[in-house]
Amino acid sequence: MRITNQVLFSQALGGTQDALGQIEKHQRTISSGLRVEKPSDDPTAVGGIMRSTSSLRALEQYRTNLSSARSRLALEDGVLDQVTNALIRAKELAVSQAGSTATAQTRSVTREEIEGIRDFLTDLGNTQFAGSYLFGGYYADSPPLGAAGTDPTRPPTGTMEVEGGAGAFYAVTHGAQEIFADSGALDALEALALALANNSAADVQAAMGELDQAFDAVQDVIGDLGARMSQVDTALSNLEALDVNLQTFRSELQDADLEEAISKLVSRQVVYQAAMLANSRIMNTTLTDYLR
């Protein structure tokens with residue numbers, strides 16, 4: 001094969017371009033901190049990177065769902081605490097008016113306070129969260145409780161659920177039906193108000209029993225709420241741990257070893273400089289130079 005000056009020049013230029021390309025590649029790796037930027041960089045690693053990235057996006061959505069659920073549960077916990085205190089106050093008032101020392105006048109005044117407590121519980125049942133009714137169940141777009149309690153045209157039943165993992169759903173808040181109707185809280189207050197209006201000590205004592213039952217029922221709801229909060233907290237903790245593992249796995253596949261990348265860059269720069277020196281000597285050597 002005949003080697004001409006043109007062949008030497010072409011080979012020198014090609015080698016120089018390759019060396020510059022390697023330098024640019026390592027510079028880009030150092031500046032971006034990424035070993036894999038496109039599929040051709042490492043086809044094997046790309047699949048794992050894409051899967052882990054997709055999983056991390058799903059985890060972020062699950063975390064958002066569970067964080068919202070945790071906020072709803074915390075708000076319900078506060079509401080139930082107020083319901084408990086309201087029932088305790090109603091029981092204290094009932095006890096004070098169940099004895100022989102109570103009069104029609106004191107019972108009339110107490111009835112007004114009991115009705116105020118009933119209205120207060122109704123307001124609690126219509127608590128809103130993020131633009132919807134916290135205890136609305138399947139009908140969270142409208143108030144679950146009316147002026148006299150449950151609105152039969154929009155039954156506040158059902159429990160909201162959120163997805164906190166692949167196929168994992170978590171129950172969040174209870175419906176107004178469970179807290180305010182099924183517990184008997186509103187009915188007990190109505191019964192007590194009626195007993196006080198009738199100035200009947202016997203009826204007041206009977207209403208006290210209903211208040212006790214309502215109080216116990218609300219405490220059962222609080223216990224169930226605590227279990228739900230614990231489940232959500234555990235799910236959030238598991239998601240955090242999984243997120244760390246996925247981030248680490250993706251980093252191992254995608255991120256560059258900066259020390260190694262810098263070492264390679266320096267090595268390529270040395271090779272490039274040597275190639276440039278050799279090429280300059282070759283290109284400056286001609287037949288005329290030799291004959292001279």
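Rules behind the numbers
Residues numbered from 1 in each chain as written. Predicted model: local features only at pLDDT ≥ 70, side-chain atom pairs only at ≥ 80, totals over all residues. Heavy atoms only, no water. Phe/Tyr/Trp six-rings, centres within 6.5 Å; stacked < 30°, edge-to-face > 60°. Helix = DSSP H or I, 4+ residues; strand = E, 2+ residues; numbered from the N terminus. Buried < 20%, exposed > 50% of the residue type's maximum accessible area, 1.4 Å probe, protein only. 1 Å grid on protein atoms, 1.4 Å probe; cavity = no way out; pocket = protein on both sides within 12 Å on 5 of 7 lines; lining within 4 Å. Points joined across faces, edges and corners; volume = space filled by probe spheres on them. Nonpolar A, V, L, I, M, F, W, Y, C, P; charged D, E, K, R; others polar. Core = buried A, V, L, I, M, F, W, Y, C linked by side-chain atoms within 4.5 Å. Salt bridge = Lys/Arg side-chain N within 4 Å of Asp/Glu carboxyl O. Expected span 1.5 Å × (residues − 1).

Chemist: Whenever I open this one, the packing of aromatic side chains confuses me. Can you help?
Modeler: In the structure shown here, the tally under the stated rule is one aromatic pair. Ring centres 5.9 Å apart and planes at 75° place the aromatic pair F135 and F180 in the edge-to-face group. Here the residue F135 occupies a position in the loop between strand 2 (132–133) and strand 3 (145–146), and F180 occupies one in helix 4 (residues 176–182), the gap between them amounting to 45 residues. According to the relative accessible area criterion, F180 is buried, its value standing at 0%.

Chemist: Is there a simple way to think about empty space enclosed by the protein in this case?
Modeler: Unoccupied space between atoms shows up once a probe the size of one water molecule is rolled over them. Tallied over the full model, the rule gives one cavity of 30 Å³ or more. There is about 40 Å³ of room inside the largest cavity. Residue lining of the largest cavity: eleven residues in total, with R72, L134, G137, M160 and T173 positioned closest to the centre. Grouping the amino acids of the lining of the largest cavity by side-chain chemistry returns four nonpolar, six polar and one charged.

Chemist: Explain the nonpolar core here, please?
Modeler: One recurring pattern in soluble globular proteins: nonpolar side chains tend to sit buried together. Grouped together as the largest cluster of nonpolar side chains are 51 residues, with contacts concentrated most on I114, L121 and F180. Of all the secondary structure elements, the ones that give two or more residues to this core are helix 2 (43–98), helix 3 (104–125), helix 4, helix 5 (185–197) and helix 6 (201–254). A total of 15 residues in this core trace back to one element, the largest contributor, which is helix 2.

Chemist: I keep staring at the pattern of salt bridges and nothing clicks. Help me out?
Modeler: Side-chain pairs of opposite charge can arise whenever the charged atoms involved come near each other. One pass over the full model with this rule turns up eleven salt bridges. Note that R228 is salt-bridged to D224, the shortest N-O span being 3.1 Å. In this pair, R228 and D224 both sit in helix 6, four residues apart, roughly one turn of the helix. One network of salt bridges, in which partners are shared, links E60, R63, E240 and D243.

Chemist: What exactly am I supposed to notice about helix 5 here?
Modeler: Residues that lie three or four places apart on an α-helix share one face, since the helix turns once every 3.6 residues. With 13 residues, helix 5 extends 18 Å between its outermost C-alpha atoms, agreeing within 8% with the 18 Å of an ideal straight helix rising 1.5 Å per residue. Buried within helix 5 are the following residues: A185, L186, A188, L189, L192, A193, A195 and L196.

Chemist: I would appreciate a short explanation of unusual backbone geometry in the present structure.
Modeler: One can expect most non-glycine residues to show negative phi and most peptide bonds to be in trans. Located in the positive-phi region is A130, a residue other than glycine, with phi close to 50°. Exposure remark for A130: the relative accessible area of 73% places this residue in the exposed category. Positioned with a positive phi, N199 is a non-glycine residue whose angle comes to about 55°. Looking at where N199 falls in the secondary structure, it is placed in the loop between helix 5 and helix 6.

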